[in-house]
Amino acid sequence: VDANLDARRSGRFKARGFALEHAEAVVGDLSIRYAPAGAGMPERFGFVSGLWGETWRLSPEHVLKLSVMTKGSAGPGEWELRLIDVNGGQAVGTLEGVGGGGGEHGLGLAELAGDDGFAWDGVRLCEIEADFEKDTRVFLDGIRFEHGDAVIGVSDKPLAQRMAEAQANRHA
């Protein structure tokens, strides 16, 4: 989640609008349920590369893949997707065909329009902007960046990625 990172590091933090959802899981044991009304109807929601300053090492050859299902008022069939790098640079594109019954969606990062000098090897945030209704619930699962056989997991991570992140963040 792209807000309140300092607060998120506290054991007392409670995410607003986000919850783990076991009944609607597509990959693994759970998915992420996002209720925009529970989060205060923010303009955007998204995911950070990590709580401790990690970044995603991406390239235009990567593809963002995710499973999406919406319930309630589905909202728009297009979501604006924005990657933000360590320097605040942005790469922006459109994820089409989302909403409703669900399914897997993908967006090649080469389709994004990036700022000059966008740091593909230092992406810290993936934001989604969509105009949801108050009763909308979004179920997200299997969020990842793929390039060939390489997978960078966001919601469901390969074991090697989890171990590397734990080792790198142990001190923090």
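Note that the structure is predicted; figures quoted are calculated from it, not measured.

Conventions and cut-offs
- Residues numbered from 1 in each chain as written.
- Predicted model: local features only at pLDDT ≥ 70, side-chain atom pairs only at ≥ 80, totals over all residues.
- Heavy atoms only, no water.
- Helix = DSSP H or I, 4+ residues; strand = E, 2+ residues; numbered from the N terminus.
- Areas by Shrake-Rupley, 256 points an atom, 1.4 Å probe, with all protein chains shown as cover.
- Salt bridge = Lys/Arg side-chain N within 4 Å of Asp/Glu carboxyl O.
- Core = buried A, V, L, I, M, F, W, Y, C linked by side-chain atoms within 4.5 Å.
- Buried < 20%, exposed > 50% of the residue type's maximum accessible area, 1.4 Å probe, protein only.
- Pairing = 2+ DSSP bridges.

S.K.: Would you take a moment to explain the overall build of the protein for this structure?
M.R.: When helices and strands are tallied, the protein shows two helices and eleven strands. Along the chain direction, N to C, the helices and strands of the protein fall in the order α-β-β-β-β-β-β-β-β-β-β-β-α. Element-wise, carbon and sulfur atoms account for 48% of the exposed surface of the protein, whose accessible area totals about 9,200 Å².

S.K.: Whenever I open this one, the pattern of salt bridges confuses me. Can you help?
M.R.: Here the idea is simple: oppositely charged side chains can pair when their charged atoms come close. Per the stated rule, a full pass over the model turns up nine salt bridges. A cluster of three or more residues bridged by salt bridges with shared partners is formed by Glu43, Arg44, Glu80, Arg82, Glu127 and Glu129.

S.K.: It is not clear to me how the nonpolar core should be interpreted in this structure. Could you clarify?
M.R.: Nonpolar side chains in soluble globular proteins tend to end up buried together. Counting residues in each nonpolar core, the largest one holds 33 residues, and the members touching the most others are Leu58, Trp79, Leu83, Leu140 and Phe145. Put simply, the parts of the chain that give this core at least two residues each are β2 (31–34), β3 (44–48), β4 (63–71), β5 (78–85), β6 (90–96), β9 (123–129) and β10 (137–147). Here this core gets four residues from one element, more than from any other, and that element is β10.

S.K.: Where do I start with the pairing of strand β11 (residues 150–153) in this structure?
M.R.: Moving residue by residue along a regular strand, the side chains alternate between the two faces of the sheet. Summarising the sheet, β10 and β11 pair through four bridges and their orientation is antiparallel. When the bridges of β11 are listed, His147 appears paired with Ala150.

S.K.: How should the sheet that holds β5 be read in this particular structure?
M.R.: Working definition: the strands of a sheet are paired by backbone hydrogen bonds and lie parallel or antiparallel to each other. On the basis of which strands lie adjacent, the open sheet formed by five strands has the order β3-β9-β5-β6-β8 and antiparallel pairing. Both edges of this open sheet fall to β3 and β8 (113–114), since each of them pairs with a single strand only. Here β6 pairs with β8 via two bridges, running antiparallel. Within the sheet, the bridge partner assigned to Ala91 lies in β8 and is Gly114.

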